Amino acid sequence: IFQESDKINLKIENLNRISDNSTREKERTNLEEIVNIAISEMIMNKVIDTSRITVEKDLNTEGCYIAINKAKLIEALENLIRNSCEAIEGSGTISISSFYNTDSITLLIKDTGKGIKREIVKSVMNPFFTTKEHRKAMGIGLTIAQKIINSHNGKLILESEENIGTTARIIFYI
């Protein structure tokens, strides 16, 4: 009973996080800073296993600032990077790159993981949809990331090829 109660409480907490579109405490920040913080935290917390996963960065948005809630955007990036880590079986690479033009800043998070089957790519951002064992995942990481990115005048697009990898394309309109 206690175990089921804990599961219900966790689901309620996660539903509250999904519905929280708040963008309080926005401040002008360079996207590179947010990426570096997210990667550092994930390495420190051993989410990124550096003995088998290489992280490559090619960030070209120096001097480009956007108004964001740092904590929220770090959470979104960590959800996306965590999915990349979990998709990589054995050794692999996560490449994070960025570029900008006159009306947007684009961030790409690309992995060499197992990819997502074509027929379910559009479903993976639905709440509680998961391809993982149900005890290991709630199926809300991508939903949360998408909500956070949308609340920052952005858009999340997933592109995937089975057995090749996945790219999360994040576009922030400025």
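Residues numbered from 1 in each chain as written. Predicted model: local features only at pLDDT ≥ 70, side-chain atom pairs only at ≥ 80, totals over all residues. Heavy atoms only, no water.

Peer 1: Hey, could you go over the overall build of the protein chain for me, with residue numbers and the actual values?
Peer 2: Each helix and strand in the protein chain was counted, giving four helices and seven strands. The order of α-helices and β-strands along the protein chain, N terminus first, is α-β-α-β-β-α-β-β-α-β-β. Residues counted as buried form 42% of the 174 residues belonging to the protein chain. In the protein chain, of all internal contacts separated by at least 6 residues, the share reaching a separation of at least 24 is 71%. (Helix = DSSP H or I, 4+ residues; strand = E, 2+ residues; numbered from the N terminus. Buried < 20%, exposed > 50% of the residue type's maximum accessible area, 1.4 Å probe, protein only. Contact = heavy atoms within 4.5 Å.)

Peer 1: Got a sec to walk through the side chain of threonine 166? Specific residues and values, please.
Peer 2: Examined against the element boundaries, threonine 166 turns out to sit in strand 7 (residues 165-173). A relative accessible area of 11% means that threonine 166 is categorised as buried. Reaching out from threonine 166, the side chain makes a polar contact with the side chain of serine 160 at a distance of 2.7 Å. What threonine 166 contacts, discounting residues up to four positions off in sequence, is Ile109, Lys110, Asp111, Gly115, Ile116, Leu158, Glu159 and Ser160. (Polar contact = N/O pair within 3.5 Å; in protein donor to acceptor, adjacent residues only side chain to side chain.)

Peer 1: Residues and numbers for helix 2 (residues 31-44), please.
Peer 2: Residue pairs spaced three or four apart in an α-helix point in one direction, given the helix's 3.6 residues per turn. When the terminal C-alpha atoms of helix 2 are compared, their 20 Å separation across 14 residues agrees well with the 20 Å that a helix rising 1.5 Å per residue should span. When helix 2 is considered as a whole, its buried residues turn out to be Leu31, Glu32, Ile34, Val35, Ala38, Ile39 and Met42. Mapping the buried residues of helix 2 onto a view down its axis gives an arc of 165°, with all of them on the same face. The N-cap of helix 2, judged by a side-chain oxygen 2.7 Å from the amide nitrogen of glutamate 32 a few residues on, is asparagine 30. Just downstream of helix 2 lies lysine 46, where phi reads positive at about 60°. (Expected span 1.5 Å × (residues − 1). Arc of directions from axis to C-beta.)

Peer 1: Lay out the pattern of salt bridges with the relevant residues and their values.
Peer 2: Within the structure shown, the criterion is met by five salt bridges. Across the pair lysine 70 and glutamate 27 runs a salt bridge whose closest N-O atoms are separated by 3.8 Å. Of this pair, lysine 70 sits in helix 3 (residues 70-87) while glutamate 27 sits in strand 1 (residues 27-30), and the two are 43 residues apart along the sequence. According to the relative accessible area criterion, lysine 70 is partly exposed, its value standing at 25%. On the accessibility criterion, glutamate 27 (41% relative accessible area) is partly exposed. Across the salt bridge formed by glutamate 89 and lysine 114, the nearest N and O atoms sit 3.6 Å from each other. With glutamate 89 in the loop between helix 3 and strand 4 (92-100) and lysine 114 in the loop between strand 5 (104-111) and helix 4 (141-150), the pair connects residues that are 25 residues apart, well separated along the chain. Judged by its relative accessible area of 58%, glutamate 89 falls in the exposed class. Counted as one network, the salt bridges with shared partners bring together Glu27, Glu33 and Lys70. (Salt bridge = Lys/Arg side-chain N within 4 Å of Asp/Glu carboxyl O.)

Peer 1: A description of the sheet that holds strand 2 (residues 53-59) should follow, citing residues and the corresponding values.
Peer 2: With mixed pairing, the five strands of this open sheet are ordered in space as 2-4-5-7-6. The sheet terminates laterally at strand 2 and strand 6 (154-161), the two strands that pair on one side only. Going from strand to strand, the sheet's axes swing by 10° on average, the running direction of each strand aside. Where strand 2 lies against strand 4, seven bridges are found, and the strand directions are parallel. Each bridged residue has a counterpart across the sheet, and for isoleucine 53 the counterpart in strand 4 is glycine 92. (Pairing = 2+ DSSP bridges. Axes fitted to C-alpha atoms, helices over the stretch in contact; angles between N-to-C directions.)

By themselves these figures say nothing about function.
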